[in-house]
Amino acid sequence: MSRPDLPPTPPTRERSRRHSWVRVLIPVALILVWLVGASLGGPLFGKVDEVSSNDQTTYLPESADATKVQALLGEFNDSDAIPAIAVFTSDEELTSSELDAISDAVAGAPEVEGVADDVSPALPSEDGRAVQAFIPIDGDAELADAIATLGDELRSAVPDGVTVYITGPAGFSADLVAGFAGIDGLLLGVALLAVLVILVLVYRSFLLPLVVLSTSLFALCVALLVVWWLAKFEVLLLSGQTQGILFILVIGAATDYALLLVARFREELRIAQDKGTALMAAWKGSVEPIVASGGTVIAGLLCLLLSDLKSNSTLGPVAAIGIVFAMLSALTLLPSLLLLFGRAVFWPRRPHFEPEVVAAEHGMRSTGLWARLAGLIKRRPRVIWILTTIVLLVGAAGITQLRADGVPQSDLVLGASEARDGQVALGEHFPGGSGSPVYVIVDEDRLQDAADVLLANDGVDGVAVTAADSPSGTAPVTEDGIGAVGAPGTPAPEPTTVDGDVLLQGTLTDAADSEEAASTVRELRGELDGIDALVGGVTATSVDTNDASIHDRNLIIPVILLVIMLILMLLLRSILAPVLLILTTVLSFGTAMGVAALVFNGVFAFTGADPAVPLFGFVFLVALGIDYNIFLMTRVREESKAHGTREGILRGLSITGGVITSAGLVLAATFAALSVIPILFLVQLAFIVAFGVLLDTFVVRSLLVPALTYDIGKAIWWPSKLWWRGEE
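Basis of the calculations
Here the residue numbers are simple positions, counted from 1 along each chain's written sequence. Per-residue local features are limited, in this predicted model, to residues with pLDDT of at least 70; the limit for side-chain atom pairs, both in listing and counting, is 80 or more; totals at the level of whole chains, interfaces and linings are taken over all residues. Excluded from the side-chain calculations are hydrogens and water; all other atoms, namely the structure's heavy atoms, are used. In summary, the pairing rule links any two rings of Phe, Tyr or Trp, Trp by its six-membered ring, whose centres are within 6.5 Å, and it sorts them by plane angle into stacked for under 30 degrees, edge-to-face for over 60 and tilted for everything else. The way it works is that DSSP assigns letters per residue, a run of H or I at least four long becomes a helix, a run of E at least two long becomes a strand, and they are numbered from the N terminus. Residue exposure (1.4 Å probe, protein chains only): buried if accessible area is under 20% of the type maximum, exposed if over 50%, otherwise partly exposed. Two limits define a charge over a ring: the Lys NZ or Arg CZ must be within 6 Å of the ring centre, and within 35 degrees of the ring normal. A residue counts as positive if it is Lys or Arg and as negative if it is Asp or Glu; His and the chain ends are not included. In the sections that follow, a salt bridge refers to a side-chain nitrogen of Lys or Arg positioned within 4 Å of a carboxyl oxygen of Asp or Glu. Counting of polar contacts relies on pairs of N or O atoms within 3.5 Å, with two restrictions inside protein: one atom must be capable of donating a hydrogen and the other of accepting it, and residues adjacent in sequence are counted only when both atoms are side-chain atoms. Contacts are assigned to residue pairs that have any heavy atoms within 4.5 Å of one another.

A. Focus on the packing of aromatic side chains. Applying the stated criterion across every chain, the model contains 13 aromatic pairs. The interplanar angle of 90° and the centroid separation of 6.4 Å between the aromatic rings of Phe616 and Phe620 together place this pair among those described as edge-to-face. Separated by four residues within a single helix, Phe616 and Phe620 lie in helix α20 (residues 612-643), roughly one turn from each other. For the pair Phe616 and Phe620, one class covers both residues: buried. Taking the centre distance of 5.9 Å and the plane angle of 0° together, the rings of Phe687 and Phe691 count as stacked. With Phe687 and Phe691 both in helix α22 (residues 680-712) and four residues apart, the pair spans about one turn of that helix. Taking the relative accessible area as the measure of exposure, Phe687 reaches 25% and is therefore partly exposed. Taking the relative accessible area as the measure of exposure, Phe691 reaches 27% and is therefore partly exposed. In this structure an aromatic cluster arises from ring pairing among Phe600, Phe604, Phe606, Phe687 and Phe691. A cation over an aromatic ring shows up here: Arg646 above the ring of Tyr710, its NZ or CZ 5.5 Å from the ring centre.

In structure tokens:
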């Protein structure tokens, strides 16, 4: 019962209490939601290989010849096994006892776990110093473990002085599996450590770096949860390459968005005593650039859906999902944590409530690196942007030295490789393409015509046709027809037919991943075109992959530029400013690629680059590089409304200089972490993006864009209101 002698509680106090409870409950609820999502996604880090594949054929368009041939191979040999080649070599001619020991070792190979039964006999070389055997590995076996165990068993069974290599498609696939093995642990650990060190150095705080890193890690866990299940239900294709890029992209982007909000929060705490008021003002000031930045990256990534290669087209939605959760974590989880901790999150350098100091500064510090740089741009804008442009153009000239037309399979993995060494040994004693034949599927009535085309090509050492009733599963084909096997007078085996088609296998003279072998496949396709034959195999898969990748690069890059330019026009309400920003970003990309080409050729001596390297480099450098211009120019536009365009440019640079530079360092460090994975594609992408981001952060965004826009003045906002109503 209420007491009439006490005055009622004022309504404003009740509302204040309810508001206080809401301010606590909403952040706690959001944190719990993210915690549940992260707890479900975290355990999936070690299980990505269950839903991913590194088989190149899986990612080819269905219309490619190599894809069609791969789909039909199982109907001819009724096996999904991956062929491995065991190569035995000796410095001297092998003795009969050594040959017997090798034959016994090969015959016992099916006893090794993961090895299929249909192992070929041991085949000596003409020089007598090597033996090869074709040993298929079960398609559902743990490839890396099966290859390692097989190698150990064979080495223990042969005499001293005989060297054993396991190569072929299975050997190279095992190398890739081993190369990607560090993604869940090493890559993630290095990336997080690099970000932590940078954040500690920038903020000189202990708690804030942990809060920001938690935001990034929770975003990654939830993104992985969604991607994993989509891959599980075969909605998306996932590979080790895509997985690595997803990890780095989410950590880098989420940290960048977090830094922008944290910097704005620190600003607002100096003019607002209440942490909730300061956070709301910071959130409102950050949401537009974060959403615009993330939306730009997502739009650029989704342009990859136009790709013929599924390895490119599936990266788009996978990475876009990662960016969505990076934005969500920065706009929901991070504000919740900041609201709970308040000023304590910056300890021991807590921002003080000092509105009179901020008013005296007029919102912009008059000292410091960025203030001095703004002063320099104010005095010499035209000199700065012209000199900067010339330097960037000189660097971009190196792009003519970039070799991005594909690399041999043997060079995909960096460092020591038994499969690579085995291929070299194989080529010294046998035809280089042994074990990785070119497959030709043709109508049985045109079998001899197709065989004659293969036999007439200098790049083909021998031809056989699949024949189920042959002891070896194949029968040789010569100009005189299918050769007899066994005792004289034995009839030739009948070719295996599937819907009236037969399967020919041509042994290539050159290594299957060499340029010479690729040329042979292209020649055969041209010569076989008149008889409707399909040409596939390892070499054909590589050829089709490179061709599709080049097509994707030429199509998608212009589309991305157009899409991002339209987004910038909507964001800045201008036409001229977005055009200038795109041109400067493209110039930055060209310089990054030019320098990368010189480094790849002259320092690392790489044999070349995958055609997708420039495409991926462009997507990340343009989409992510434009982020910093968005961060800068949205603040410049905000300041220009109150102080005029030229003053707004200087103020925007001074205010955002520190946070954007920190964001650039974080993003460069996270992409540089990709280089710990010994995969050529990822190492090259790591250098291009890391160098390009630093170039964009310290040169393009700090010098070129501010100086150029300052020199132009308010005309950069044409045709918006700021152009015809604003001040210079």
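Alright, that's what it looks like, and here's the rest.
B. Region of interest: the side chain of Asp175. Along the chain, the position of Asp175 falls in helix α5 (residues 168-179). At 6.1 Å, Arg420 is the nearest oppositely charged side chain to Asp175, a buried residue that forms no salt bridge. A polar contact is formed between the side chain of Asp175 and the side chain of Ser417, at a distance of 2.5 Å. If we skip the residues at most four places from it in the chain, Asp175 touches Val413, Ser417 and Ala419.

C. Layout of the pattern of salt bridges. Throughout the structure, instances matching the rule amount to 14 salt bridges. One salt bridge in this structure joins Arg635 and Glu639, with 3.2 Å as the shortest N-O distance. Here the residue Arg635 and the residue Glu639 both occupy positions in helix α20, the gap between them amounting to four residues, near one helical turn. A relative accessible area of 8% places Glu639 in the buried class. One network of salt bridges, in which partners are shared, links Glu267, Arg635, Glu639, Glu647 and Arg651.

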